[in-house]
Amino acid sequence: MALAWAGPAASQSLELGRGLQLQSRGGVFAEGWFFPGDPLDPRQPDFIASLGGTQDAILTTPYHLDMRANGRIHFDPQERRRNRLAMDDLYLDYHREAFEARAGYQIVSWKVVESVSRADILNQDDWELDFMDPQKLGELSARVRLKSTGESNQMLEFYYLPSFRRAMLPRTGNRYDFFAGAQGVEFDPDAAQYDSRWRAWRPQGAIRYAANLFEKLDLSLFYFNGYRRFPTLAAEPSSPPGRIVFRTRYTPVNVAGATFQSVLGNWLWKGEAAYSSFENEVLSPLGTRVAPYLAYTLGFEYTFYSLLAADQDLGAILELTGDTDAGKGTARLEGYRPFRSDAFMALRYAFNGTANQSLIVGTLVDYLQGDLLVQGEFSRKVTDNLALKLQFASFALVKSDEMQPFRRSSRLAAKAAYNW
Amino acid sequence: MLKLLSIAGLLISLSSAEENTDGRSIYERAYRHGRGFGDERVTAYTYLINAGGDTVLRKTRNLTLERPDGKDYNLIQFLEPADVRNTSLLTHQDPKENDAQWLFLPELRRVKKISSQNKSGAFMGSEFAYEDISGNNLDKFSYTRLGEADLAGEKCDLIEKKPLYENSGYTKIKTWISRSRSLVLRQEFTDRKNTLLKVQVFESYREFPNGVWLPQKITMANLQTGKKSILEFKERQLKVGLKPTDFTTESMERPLQ
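This write-up is about the structure you can find in this document. (Residues numbered from 1 in each chain as written. Chains lettered and ligands numbered in written order. Predicted model: local features only at pLDDT ≥ 70, side-chain atom pairs only at ≥ 80, totals over all residues. Heavy atoms only, no water.)

1. With respect to the overall build of chain B
Thinking step 1. Along chain B, the regular secondary structure elements total 2 helices and 13 strands.
Thinking step 2. In terms of overall dimensions, chain B has a C-alpha envelope of 75 × 40 × 35 Å along the principal axes.
Thinking step 3. The burial tally for chain B puts 56% of its 257 residues in the buried class.
Thinking step 4. Look at the contacts in chain B between residues 6 or more apart in sequence, and 45% of them connect residues 24 or more apart.
Thinking step 5. When the accessible surface of chain B is split by element, carbon and sulfur atoms take 51% of a total near 11700 Å².
Thinking step 6. With 40 positive and 35 negative side-chain charges, chain B shows a separation of 1 Å between the mean positions of the two kinds. (Helix = DSSP H or I, 4+ residues; strand = E, 2+ residues; numbered from the N terminus. Buried < 20%, exposed > 50% of the residue type's maximum accessible area, 1.4 Å probe, protein only. Contact = heavy atoms within 4.5 Å. Areas by Shrake-Rupley, 256 points an atom, 1.4 Å probe, with all protein chains shown as cover. Lys, Arg positive; Asp, Glu negative; His and termini not counted. Charge placed at Lys NZ, Arg CZ, Asp CG, Glu CD.)

2. Examining the pairing of strand 24 (residues 386-397) of chain A
All names here are of chain A.
Thinking step 1. Bridge count for strand 23 (residues 372-381) against strand 24 is 10 bridges, and the pairing is antiparallel. Across the sheet, residue Ser 379 finds its bridge partner in strand 24, namely Lys 389.
Thinking step 2. Taking the residues that link successive antiparallel strands as the turn, the strand 23-strand 24 hairpin has 4 residues.
Thinking step 3. Pairing geometry for strand 24 and strand 25 (residues 411-419), over 8 bridges, is antiparallel. (Pairing = 2+ DSSP bridges.)

3. Some thoughts on the pattern of salt bridges
All names here are of chain A.
Thinking step 1. Tallied over the entire structure, the rule returns 62 salt bridges over all chains.
Thinking step 2. For Arg 84, the salt bridge is made with Glu 128, and the minimal N-O distance between the two is 2.9 Å. Of this pair, Arg 84 sits in strand 6 (residues 84-95) while Glu 128 is found in the loop between strand 8 (125-126) and strand 9 (135-136), placing the two residues 44 residues apart along the sequence.
Thinking step 3. With relative accessibility at 9%, the residue Arg 84 sits in the buried group.
Thinking step 4. The class of Glu 128 is buried, set by a relative accessible area of 3%.
Thinking step 5. In this structure, Glu 100 engages Lys 147 in a salt bridge whose closest nitrogen and oxygen atoms are separated by 2.8 Å. (Salt bridge = Lys/Arg side-chain N within 4 Å of Asp/Glu carboxyl O.)

4. Here we look at the interface of chain B and chain A
Reports of interface size often rely on the accessible area that becomes lost once the parts have come together.
Thinking step 1. Every contact between the two is made by 44 residues of chain B and, on the other side, 60 residues of chain A.
Thinking step 2. A combined buried area of about 4200 Å² lies between chain B and chain A, and 42% of that area is made up of carbon and sulfur atoms.
Thinking step 3. On the chain B side of the contact with chain A, Arg 109, Lys 113 and Arg 254 of chain B bury the most area, a combined 18% of that side's loss.
Thinking step 4. Summed over the shared surface of chain B and chain A, the result is 12 salt bridges. (Buried area = accessible area lost by both parts, 1.4 Å probe.)

5. Structural notes on the sheet that holds strand 12 (residues 185-194) of chain A
As a general point, the strands of a sheet are linked pairwise by backbone hydrogen bonds and lie either parallel or antiparallel.
All names here are of chain A.
Thinking step 1. Spatially, 12-16-15 is the arrangement adopted by the 3 strands of the open sheet, whose pairing is mixed. Single-partner strands in this sheet number two, and they are strand 12 and strand 15 (232-235). Across this sheet, the average inter-strand angle for adjacent strands is 35 degrees, counted without regard to direction.
Thinking step 2. Bridge analysis of strand 15 against strand 16 (residues 244-250) gives 4 bridges, and the strand direction is antiparallel. Paired with Leu 233 across the bridge in strand 16 is Thr 248. (Axes fitted to C-alpha atoms, helices over the stretch in contact; angles between N-to-C directions.)

Structure below.
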């Protein structure tokens, strides 16, 4: 078996002979978060330092079969529960012209918008690691994809997930603890209640159709049956006197939805919508039945080319996100449901040089409740392999009860990443 | 008198038309030399050189499927630098309207539709604009033969092209076409301020089956900034059996071999 490096030392492609090729990419990073505000809970830190790395390897063979292993590691010297050693992807992928089959741990994204996705419903999120930008977690699943041959670009996918993975939620001491500052409240994210006798072994499935129409419109339709990914935080009825114990509750849902993307000149129009209904009867805290609802995110992106200087572009994004229960109090729903009446606005200035510099500023405002989140990021490559990033995320206005635990968790962040 | 004037006017217009037709037919011969390849798989090395001589490398794997009416499909996947490895740009060309384009971002697992309206924008931070690489369909330009020129001892026809499409960064492009080989050797680009902007040189032409001639090296020098980009093609293979299904948003997610 002949081994040969394909390309210069910086390349990560290894010819193994007999048509086998191993491609890999990876990196390490160091990150620091600083919270200027005093914490609501003395157990919450003012400063968090993290180290981490990823390695993604794909073995391609001449037999239409690929294998992928994509893992990551994360180390937080202060909060042991934020340490991670995870495989996000570990799968076999068989692909022919009209047919593909993939099985194993994988991450799938159906997202087309920039803010709140209504379509990214297959993979669980790691809110504990970074509540502001949660990492998707690999799910054990099988996917079969049927593709049209010839000129039309259409596809039909079937997904089967044999088990369910719980959300990873912030705990006591995490800077984004949902109950920070609340007296007499206990929360154990691992104490999960399932509205199915199969519990975590309840199978789940999805179907998705996607097509590109006339080269101008990308459209997808999907249906999912399974647990809603983000749990309801349910108060335990048998909580001891003077204390409230919250557990997570996972409810099976049926979700039918659509996404679209379309370009008209400099305008990129996009949207997602999902109609959710609970498989079992779900009652609100007031005892009323929670009805199905439609959630959506719609918006556009417009680019001003060479606005201030040649080859420097300004992108403007506006998205509205909400659902048909906007304005209803949490007591009339299954639990707290975020993003029911929000607007997302962002500007991205790209310098488009070899340093890949960009500056992004965005806001997310709840136009009914008055909460306002402002975020910004500046990123730049120092060398081809080394990149720096500075970020801020500010809970500039906190009016709703649900956002109160975060009112002092505005943060500044710096990250250095080395890629190979 | 009127009859004489009308005949004279007809003769003048005929001679102008002949000049334009001559320019187009000369350019078309050179254009046809680069067509008929069916499909192509090639590794492209783009060296970006700034005015100080510092160089960075962008390595991509490019697939092209030749289709009727110039509506070619093109898939470019980044191999280097590491942070953009497996990022892919898919283009379905349209000579009459804006190309349809998609960008696959491997970190986010997302395929994003993007606007191709910015034809004058720099590709990969290089001195090649999108309109320089997105396929020079004949009908996108008007052609005028300016005369003959000598380029490094080779006799050339000098053709002036003017973009007929909107949002071009150029008012005109002067093209040197070898008379003996009917190959494009050099192009000079004039920007919207009517100033000479860039010079493009095609080198190391190689003949492939079916009379296809393709350059192995293209240099684009920006005379206004002093920057230069050199594009070298290696491991080029034609007629490898690519199909339309190799140029879909799903195929972008998989590493190209």
